[in-house]
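# Analysis of the macromolecular model
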Amino acid sequence: MTKHSLFHRAMALAASALLCLGAAQARAQEYPQRPITLVVPFGTGNIADNQGRMIARHLSDALGQPVVVENKPGAAGMIGTEQVARAPADGYTLLYGTHGTQAANLALQPHARINPARDLRAVHSLFRQSTVLVTPSARPWRSLQELLEAARQSPGRITYASSGVGTQTHLASARFQEATKASFTHVPYNTASSMTDLLAGNVDLSFSYAESVLQHVAAGRLRALAINGKTRLAVLPDVPTVGEAGYPDAALEGWSGVFAPRGTPDAVVARLAREIAKATEAPEVKAAMARIGSYPMGLSGAAFQAFAEAEVPRWEQIVRNAGAGAR
């Protein structure tokens, strides 16, 4: 083959590559062309479901296509997470992921068929979420220090409810006990009956989401002793954080974000990230989330991916220290 022929062949290949790149970019710019599914790997009516639906509405308006929330509960969120991980990497199937599905479950379910850190790609963060340490108003403890003094005098006598082994409400308490050197007895539940028993005084404490306890605190049925997070909550401005009470290592915040199957095109991820960022910062969304103690995280793309990957060993250690890991 002559130099002249080689030159023309190289030019033809370069032109073909540019055409392919241009076509791929055009397809990404045209995204989306049909409805998008946002899988929430939990049941309906909870914080995850409410946040997912709020973001879906904003995405639908911004993208000009329906964003349909599909609740897929089971296996602490792993059924829905696996569904998304195995979906086509085209931007039409997304996951509402959490610290649980993306990090803690790797310790809780080490034999799961997928690894979210490997099989999913971070798009954009959503919200960080604290829990509130509450006790029935009939209990004598009016501050965190009074509670800790009582717990240290009678180790294991004071009980706390959680929504199940390995949940944030369980791990938050385990980390709190580790940081404060106090000892409580765990009473795990699998249903909403934990709040019923707490209000009835059948258990002494709970690390609960603000959304679940605000009405009861306002009505005087529960007393909030501390915020188990880094900052006070606007909805409970007079309740100190565990850090302010002298135990910064006790704070354990949950988080959420949107993920896509690994291999989803960069341009599609970037488009989604831009719109999700706008949604989380929308005044009405921020106001609604602040009312339940949730705040935007503001992490996107590579920064959110790095954050999610760094959370895996951190939550594995938290699970291990709580004695909640698989045996």
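Bear in mind that the values here come from a model prediction, so they are computed numbers and not experimental data. (Residues numbered from 1 in each chain as written. Predicted model: local features only at pLDDT ≥ 70, side-chain atom pairs only at ≥ 80, totals over all residues. Heavy atoms only, no water.)

Take the sheet that holds strand 8 (residues 205–209) next. Taken in spatial order, the 5 strands of this open sheet run 7-6-8-5-9, and their pairing is mixed. Edge positions in the open sheet fall to strand 7 (185–188) and strand 9 (222–228), since each of these has one partner strand only. Averaged over neighbouring strand pairs, the angle between their axes works out to 30° when direction is ignored. Sheet strands in contact with helix 6 (residues 144–153) are strand 5 (131–136), strand 8 and strand 9, and its direction is about 95° off that of strand 9. (Pairing = 2+ DSSP bridges. Helix = DSSP H or I, 4+ residues; strand = E, 2+ residues; numbered from the N terminus. Axes fitted to C-alpha atoms, helices over the stretch in contact; angles between N-to-C directions. Contact = heavy atoms within 4.5 Å.)

Turning our eyes to something else, we now look at the pairing of strand 3 (residues 93–98). Every regular strand shows the same layout, with side chains that alternate between the two sheet faces. When you tally the buried positions in strand 3, you get 6 out of 6 residues, the bulk of the element. Side-chain alternation along strand 3 places T93, L95 and G97 on one buried face and L94, Y96 and T98 on a second face that is also buried. Where strand 1 (residues 36–40) meets strand 3, 3 bridges bridge the pair, whose relative direction is parallel. Within strand 3, the residue paired with V39 across the bridge is L95. Pairing geometry for strand 3 and strand 10 (residues 254–261), over 4 bridges, is antiparallel. The partner of G97 across the bridge, within strand 10, is G257. (Buried < 20%, exposed > 50% of the residue type's maximum accessible area, 1.4 Å probe, protein only.)

In this section: helix 10 (residues 266–281). Here helix 10 contains 16 residues, and its C-alpha end-to-end distance of 22 Å stays within 8% of the 22 Å for a straight helix at 1.5 Å per residue. Within helix 10, the full set of buried residues consists of V268, V269, R271, L272, A273, E275, I276, A279 and T280. (Expected span 1.5 Å × (residues − 1).)

Our focus in this paragraph is the sheet that holds strand 2 (residues 67–71). Reading across the sheet, the 6 strands line up as 2-1-3-10-4-11 and stay open at both edges, with mixed pairing between neighbours. Across the chains shown, the open sheet's two edge strands, defined by having one partner strand only, are strand 2 and strand 11 (294–296). When strand polarity is set aside, the average angle formed by the axes of neighbouring strands in this sheet is 30°. Running at roughly 10° to strand 4 (residues 120–129), helix 10 makes contact with strand 3, strand 4, strand 10 and strand 11 of the sheet.

This part takes up the side chain of N105. Note that N105 resides in helix 4 (residues 99–108). Accessibility expressed as a relative area gives 4% for N105, which makes it buried. Apart from the residues within four sequence positions on either side, N105 is in contact with A75, A76, M78, G100 and P110.

Looking now at the pairing of strand 7. Where strand 6 (residues 159–162) and strand 7 come together, 4 bridges link them in parallel fashion. Residue Y160 lies in a different strand from strand 7, and its bridge partner there is H186. Handedness of the strand 6-helix 7 (residues 168–180)-strand 7 crossover: right-handed. (Right-handed = clockwise from strand over helix to strand, strands pointing away.)

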